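Each chain is listed here by its residues.
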Amino acid sequence: MTDLGIAIERMEQLKESIDIGYLCICAAFVLLMQVGFAFLEGGCLRYKDMQSIMLKIFMNTCVTIIIWWLVGYGIAFGSDSKEFVGSSVYVGFDMKNSKHLAEFAFQTAVASAATSIVSGGAAGRMTYIGYFILSVVFSSVIYPFCAHWGFGNGWLMKLGYHDYAGSGTIHASAGMGALMTTMLLKPRNQRFNPKYAEHFEPNNPIYITLACLSLWVCWCFFNGGSSLGIANGASVFMSRAIMNTFIAGASGALTVFFIYYLMNIDQGNRYSLVMICNGNLAGLVAITGPCDNVDAWAAFVIGILGGMMMVFANRVLFNLQIDDPVDAISIHFACGMLGANLVSWFDMDTGIVYGKGGYQFAVQMLGSFIYIGWSAIIHLITLLFIEKIGFLRVTLEDEYEGLDPATMGCCAYEMVEQQQ
């Protein structure tokens, strides 16, 4: 081999090493999102249920990692991929190079985040065994197939469906799982009785805020890491994705801040720390799908639309008396559907705004409905099975006492009234 050939080979090895290092860093930060989800959901519930939801998130993280090593990654990203399902790298076999191992770590961390979204619908009233079964099904059947169709060179991807980091593939499908779960579980006892409204207020807005800010940081690695590297031109998509993640998160938060203020301008609670956090997450979910190929102004608009969608969905769910304890449905399902379909409007190559026609719109709509339909059907079957074997909902006595004292013997901390 000539000196030039050796130099080229070493350059390619260096590029691959840079990609692998970048992907491993992104994987670690995406896994760190579980901390954000734990504190976010723990802060939203009664203080008597904090440990229970954190246990469920820790448990579903462990379940997802094992399941993805066994079958999930192979279904989604098997190297002998067919249009419907992958057919290799089960139980880690055939992962013969470092890039493959790094991609496994990143995609497994992403799958763990997706599973945690479903936990929002189970908060405060589902048994641990029931949620364990649900996590196994979501991480082995529901999400891996969605990932293959949209990310793993599956049939939707071949049709032209574009969902860069997963507004529809991840958030809408998992948000539908949260919706099906909360509908089968039914509302928490006395949830919609005005007399007990204060009992269901978030117990720790500080936890929620810190969790939201940490999620915003990790989301940059979630969206930016979806380039799967930074060499060979991928850095353009990575940097644009991170920039748009900044902008949409900010515009979503400010939108909800002002909407909430105007809706409550004559009341004492015209500002809400929790709602500005929800607006931030709504903007982040909405930008996740189109983040790689939209202009900054479009990211700003997408964040605004995400914030508006979250407020609207929140009101609809409350009026229908659908108990969404941590706003997982209004944020992930509603804004995930929105983000997946805004690709067809704002994408610089295929968007309607740029005069590219409606084909992309049709494909994005098809993908969105396939994902929510698949998720709804499998979740319904699984939840009915869990109910049949008696592990769906905790007893009213345990729910009233609080899942922490009823199942763990104590609360994470005690609320003590100060004496004047």
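That block above? That's the structure.
Starting from 1, residues in each chain are numbered consecutively following that chain's sequence as written. Residues qualify for local features only when their pLDDT is at least 70, as the model is predicted, and side-chain atom pairs are given and counted only at 80 or more; totals for whole chains, interfaces and linings, by contrast, use all residues. Working from all heavy atoms in the structure, the side-chain values ignore hydrogens and water.

1. Digging into the overall build of the protein
In terms of helices and strands, the protein carries 15 helices and zero strands. Just to be clear, the radius of gyration here is over C-alpha atoms, and the globule rule we use is 2.2 Å times residues to the power 0.38. Taking 2.2 N^0.38 as the reference for a compact globule, 420 residues should give roughly 22 Å; the C-alpha atoms of the protein span a radius of gyration of 22 Å, in line with that estimate. Taken over the C-alpha atoms alone, the protein extends approximately 85 × 45 × 40 Å along its principal axes. Each residue is placed in one exposure class: buried if its accessible area under a 1.4 Å probe, protein chains only, is under 20% of its type's maximum, exposed if it is over 50%, and partly exposed if it falls in between. Residue burial in the protein is summarised as follows: out of 420 residues, 54% are buried. The contact rule is simple, with two residues in contact once any of their heavy atoms fall within 4.5 Å. Contacts in the protein between residues far apart in sequence, at least 24 positions, make up 79% of those at least 6 positions apart. Carbon and sulfur atoms provide 68% of the accessible area of the protein, an area that totals close to 18000 Å². Helix and strand labels come from DSSP, where a helix needs a run of H or I of at least four residues and a strand needs a run of E of at least two; each type is numbered from the N terminus. Computed by Shrake-Rupley with a 1.4 Å probe, the accessible areas treat only the displayed protein chains as cover when residues are assessed.

2. Some remarks on the pattern of salt bridges
When a carboxyl oxygen of Asp or Glu lies within 4 Å of a side-chain nitrogen of Lys or Arg, that pair is called a salt bridge. Within this structure, the stated rule accounts for five salt bridges. In this structure, D323 engages R191 in a salt bridge whose closest nitrogen and oxygen atoms are separated by 3.5 Å. You can see D323 sitting in the loop between α11 (296–319) and α12 (328–346) and its partner R191 sitting in the loop between α7 (167–185) and α8 (205–224), a full 132 residues away along the chain. Note on accessibility: D323 and R191 belong to one class, buried.

3. Overview of the nonpolar core
Of all hydrophobic cores here, the largest spans 101 residues; its most connected members are M33, M126, Y143, W219, F222, L281 and M310. Those residues in contact with Y143, other than ones at most four positions away along the chain, are W68, V110, A111, F138, F151, T169 and I170. Only buried residues count toward a nonpolar core. Its members are Ala, Val, Leu, Ile, Met, Phe, Trp, Tyr and Cys residues joined through side-chain atoms within 4.5 Å. Core analysis: the next-biggest nonpolar cluster, separate from the first, contains nine residues, I75, W149, V363 and Y371 among them.

4. Quick word on the packing of helix α1 (residues 3–31) against α8
Axis angle and axis distance: for two packed helices, these are the angle between their axes and the distance between the axes, and together they describe the pair. In this analysis an axis means a line fitted to C-alpha atoms, helices contributing only their contacting stretch, and an angle means the value between N-to-C directions, from 0 to 180 degrees. Remark: α1 packs on α8, axes separated minimally by 8 Å, with the N-to-C direction vectors making an angle of 135°. Compared by their axis directions, α1 and α8 come out oblique. The element α1 and its partner α8 pack so that their crossing is left-handed. Note on element contacts: α8 touches α1 through C218, F221, F222 and G224, opposite Y22, I25, C26, F29 and V30. Asp, Glu, Lys and Arg are counted as charged, while Ala, Val, Leu, Ile, Met, Phe, Trp, Tyr, Cys and Pro are counted as nonpolar; the rest, among them Gly, fall into the polar class. Considering only residue class, the contact of α1 with α8 consists of eight nonpolar, one polar and no charged. Put simply, angles under 35 degrees are roughly parallel, angles over 145 are roughly antiparallel, angles from 65 to 115 are roughly perpendicular, and the rest are oblique. Crossings are classed by handedness, with left-handed meaning an anticlockwise turn of the near helix from the far one by less than a right angle and right-handed meaning a clockwise turn.

5. Quick notes on a nonpolar patch on the surface
Two joining distances apply to patches: 9 Å for like charges and 5 Å for nonpolar side chains (Val, Leu, Ile, Met, Phe, Trp, Tyr), and every residue must have over 30% relative accessible area and no salt bridge. A cluster of nonpolar residues, L31, I65, I66, W69, L70, V71, V91 and F93, forms a patch on the protein surface that exposes about 650 Å² of accessible area. Among the elements that line the nonpolar patch, the one with the most residues is helix α3 (residues 50–77), at five residues. Looking at where W69 falls in the secondary structure, it is placed in helix α3. The exposure class assigned to W69 is partly exposed, which follows from its relative accessible area of 40%.

6. Observations concerning the side chain of S140
As for its placement among the helices and strands, S140 is situated in helix α5 (residues 128–150). On the basis of relative accessibility, which here comes to 15%, the residue S140 falls in the buried class. A distance of 2.6 Å separates a polar atom in the side chain of S140 from the backbone oxygen of V136. Discounting chain neighbours no more than four positions away, the residues touching S140 are I67, V71 and I75. Any N or O atom pair separated by 3.5 Å or less is treated as a polar contact, with the protein-specific requirement of one donor-capable and one acceptor-capable atom, and with residues adjacent in sequence counted only for side-chain atom pairs.

7. Observations regarding unusual backbone geometry
One non-glycine residue with positive phi stands out, namely Q190, at about 70°. Relative to the helices and strands, Q190 is located in the loop between α7 and α8. Phi at N232 is positive, roughly 55°, even though this residue is not glycine. Examined against the element boundaries, N232 turns out to sit in the loop between α8 and α9 (234–263). With relative accessibility at 61%, the residue N232 sits in the exposed group.

8. A word on the packing of aromatic side chains
By convention, a stacked pair of Phe, Tyr or Trp rings (six-membered ring in the case of Trp) has centres within 6.5 Å and planes under 30 degrees apart, an edge-to-face pair has planes over 60 apart, and any other such pair is tilted. Evaluated as defined, the whole model comprises 22 aromatic pairs. Seen from their ring centres, F39 and Y207 are 5.1 Å apart, and the 80° between their planes marks the pair as edge-to-face. You can see F39 sitting in helix α2 (residues 33–44) and its partner Y207 sitting in helix α8, a full 168 residues away along the chain. Aromatic side chains W68 and Y73 sit 6.3 Å apart centroid to centroid with 55° between the ring planes, which places their arrangement in the tilted category. On the basis of relative accessible area, W68 is assigned to the buried category, the value being 0%. Two limits define a charge over a ring: the Lys NZ or Arg CZ must be within 6 Å of the ring centre, and within 35 degrees of the ring normal. If you follow K48 out to its NZ or CZ, it ends over the ring of Y400, 5.8 Å from the centre. Residue placement shows R191 over the ring face of F192; its charged tip is 5.0 Å from the ring centre.

9. Some remarks on the side chain of T61
Inspection of the secondary structure puts T61 in helix α3. Ignoring sequence-local partners within four residues, the contact set of T61 consists of L31, Q34 and S112.

10. Description of the environment of H379
By the element assignment, H379 lies in helix α13 (residues 359–388). In the structure, H379 is positioned 211 residues away from G168 in sequence and 17 Å away in space, judged by C-alpha atoms. Other than its neighbours up to four places away in sequence, H379 contacts V118, L134, F138, I142, S173, G177, M180 and T181.

11. Digging into the packing of helix α4 (residues 98–122) against α7
Put simply, α4 and α7 touch, their axes get as near as 7 Å, and they point 25° apart. When the axis of α4 is compared with that of α7, the two are roughly parallel. Pair α4 / α7 crosses with right-handed handedness. Taken together, the residues of α7 that come into contact with α4 (itself represented by V110, A114, I117, V118, G121 and A122) are I170, H171, A174, G175, G177, A178, T181, T182 and L185. Of the residues contributing to the contact of α4 with α7, the split by class is nine nonpolar, six polar and no charged.

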